[in-house]
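As a plain string of letters, each chain reads:
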Amino acid sequence: MRRKLVAGNWKMHGSRADNGPLIEAILAAPNLETVDCVVCPPFVYLAELARALRGAAVKLGAQNVGAEAQGAYTGEVSAAMLKDVGCQYVIVGHSERRGLYGEDDVLVARKFAAAQSRGLLPILCVGELLAEREAGRTHELVGRQLEAVVALTGIGSFARAVVAYEPVWAIGTGRTASPQQAQDVHAFIRQRLAERDAKIAADLQILYGGSVKAGNARELFLQADVDGGLIGGASLKAEEFLSIVAAARG
Ligand code: 13P
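The structure presented is a predicted model; accordingly, all values stated were derived computationally and were not measured.

Rules used in this analysis
- Residues numbered from 1 in each chain as written.
- Predicted model: local features only at pLDDT ≥ 70, side-chain atom pairs only at ≥ 80, totals over all residues.
- Heavy atoms only, no water.
- Helix = DSSP H or I, 4+ residues; strand = E, 2+ residues; numbered from the N terminus.
- Buried < 20%, exposed > 50% of the residue type's maximum accessible area, 1.4 Å probe, protein only.
- Contact = heavy atoms within 4.5 Å.
- Areas by Shrake-Rupley, 256 points an atom, 1.4 Å probe, with all protein chains shown as cover.
- Pairing = 2+ DSSP bridges.
- Axes fitted to C-alpha atoms, helices over the stretch in contact; angles between N-to-C directions.
- Phe/Tyr/Trp six-rings, centres within 6.5 Å; stacked < 30°, edge-to-face > 60°.
- Lys NZ or Arg CZ within 6 Å of the ring centre and 35° of its normal.
- Near = heavy atom within 4 Å.
- Polar contact = N/O pair within 3.5 Å; in protein donor to acceptor, adjacent residues only side chain to side chain.
- Nonpolar A, V, L, I, M, F, W, Y, C, P; charged D, E, K, R; others polar.
- Parallel < 35°, antiparallel > 145°, perpendicular 65-115°, else oblique.
- Left-handed = near helix turned anticlockwise from the far one by under 90°.
- Core = buried A, V, L, I, M, F, W, Y, C linked by side-chain atoms within 4.5 Å.
- Expected span 1.5 Å × (residues − 1).

### Comments concerning the overall build of the protein chain
The helix and strand tally for the protein chain stands at 11 helices and eight strands. Dimensions of the protein chain along its principal axes, counting C-alpha atoms only, are 45 × 45 × 35 Å. Here the protein chain holds 250 residues, and 52% of them are scored as buried. By sequence separation, contacts in the protein chain at least 24 residues apart represent 73% of the contacts at least 6 residues apart. Counting every atom, the protein chain has about 11,100 Å² of accessible surface; 52% of that belongs to carbon and sulfur.

Below is the structure:
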């Protein structure tokens, strides 16, 4: 039985003044340990949040990672640094990184490898644009994004990773994929990986992301291959985020 995972991607939001009360309210909730719960703040807040989360059931993740180990890469943050400040997870290949900052499949795969080389669990984001869905190309696109990582790191690496299906048209739009649309792509992802290794595919946590809210989380999480969510806007409000965590508990 796969555990449910709920991760909050704070994106470029927050401040020291906002983060303290938010994390305090999250940590005050009961039974947090019954699901895997992760918060992913901007880089500059990681160390301070790591201190706040010490010994807590909520884990820390970053939103991005440099592909190189170290060196003259101005503005980049390495996997070793993320590990050093207390991260356990890191999001790689978010559609905002792919779309706004030109990260291609090969770079995303290198970031996935860099994260794992330092013992971080990558949360690999995959997903199609609206035009690609409308052209019936969803499986093709998601398959290509997955294959790029398998080609570099091998199927075995998915034993130490999480995949998040995030249809780009559902991110920040209030337009959620229907539970059936999500389940269809999640099942495809699991099947695609199962062709390589059935056990690894069966154990893999596959999250859905894209306008998940307290009001729609339960139905999404009831789908057979939906193992939780990657939450953007709704992760910035403690009550809303905790309702989503409660929905994951079933
Ligand atoms: P929203 O939940 O705000 O749609 O964002 C989803 C997302 O991109 C999480 O990574």
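### Focus on the sheet that holds strand S8 (residues 228-231)
Pairing is parallel around the closed barrel formed by eight strands, whose spatial order is S1-S2-S3-S4-S5-S6-S7-S8. Going across the sheet, the axis of each strand differs from the next one's by a mean of 25 degrees, ignoring polarity. The sheet contact formed by strand S5 (residues 121-126) and strand S6 (residues 162-165) spans four bridges and is parallel. If you follow Ile-123 over to S6, its bridge partner there is Val-162. Across the sheet, helix H2 (residues 46-53) is in contact with strand S2 (36-40) and strand S3 (58-62); its angle to S3 comes to roughly 170 degrees. Here helix H7 (residues 138-153) sits on the sheet and contacts S5 and S6; the angle it forms with S5, its principal contact strand, is near 150 degrees.

### Things to note about the side chain of Gln-223
Position of Gln-223 among the secondary structure elements: in the loop between helix H10 (214-221) and S8. Look at Gln-223 and you get buried, because its relative accessible area is 18%. Those residues within four positions of Gln-223 in sequence are excluded, and the remaining contacts are Pro-179 and Gln-183.

### Here's the deal with the packing of aromatic side chains
Inspection of the entire model under this criterion finds two aromatic pairs. Of note, Arg-97 hangs over the ring of Tyr-101, and the distance from its end group to the ring centre comes to 4.2 Å.

### Focus on the site of the ligand
For the ligand, the full set of nearby residues is Asn-9, Lys-11, His-94, Glu-166, Ala-170, Ile-171, Gly-172, Gly-210, Ser-211, Leu-230, Gly-232 and Gly-233. Within the side chain of Asn-9, one N or O atom sits 3.0 Å away from an oxygen atom of the ligand. One of the backbone N or O atoms of Gly-232 is found 2.9 Å from an oxygen atom in the ligand. When the ligand is considered free in solution it has 310 Å² of accessible area, and contact with the protein chains removes 96% of it. When the residues that make up the shell around the ligand are grouped by side-chain class, the tally is three nonpolar, seven polar and two charged.

### Let's talk about the packing of helix H1 (residues 16-27) against H2
One can describe the packing of H1 onto H2 by two numbers: an axis separation of 11 Å at closest approach and a directional angle of 25 degrees. For the element pair H1 / H2, the angle class is roughly parallel. When you trace H1 past H2, the crossing you get is right-handed. Residues Arg-16, Ile-23 and Leu-27 of H1 form the contact with H2, whose participating residues are Glu-48, Leu-49, Ala-52 and Leu-53. Taken together, the residues that form the contact of H1 with H2 break down as five nonpolar, no polar and two charged.

### Side note on the nonpolar core
Counting residues in each nonpolar core, the largest one holds 67 residues, and the members touching the most others are Leu-82, Leu-124, Phe-158, Ile-189, Tyr-208 and Phe-221. Counting residues per element, this core draws most heavily on helix H11 (residues 238-249), at six residues. Setting aside chain neighbours within four positions, we find Phe-221 in contact with Lys-4, Val-6, Val-212, Val-226, Gly-228, Gly-229, Ile-244, Ala-247 and Ala-248. By size, the runner-up hydrophobic cluster in this structure holds 12 residues, among which are Ala-7, Tyr-89, Cys-125 and Leu-230.

### Comments concerning helix H8 (residues 179-194)
Helix length check: H8 (16 residues) gives 22 Å between terminal C-alpha atoms against 22 Å at 1.5 Å per residue, within 8%. Residues Pro-179, Ala-182, Gln-183, Val-185, His-186, Phe-188, Ile-189, Arg-190 and Leu-193 constitute the buried set of H8.

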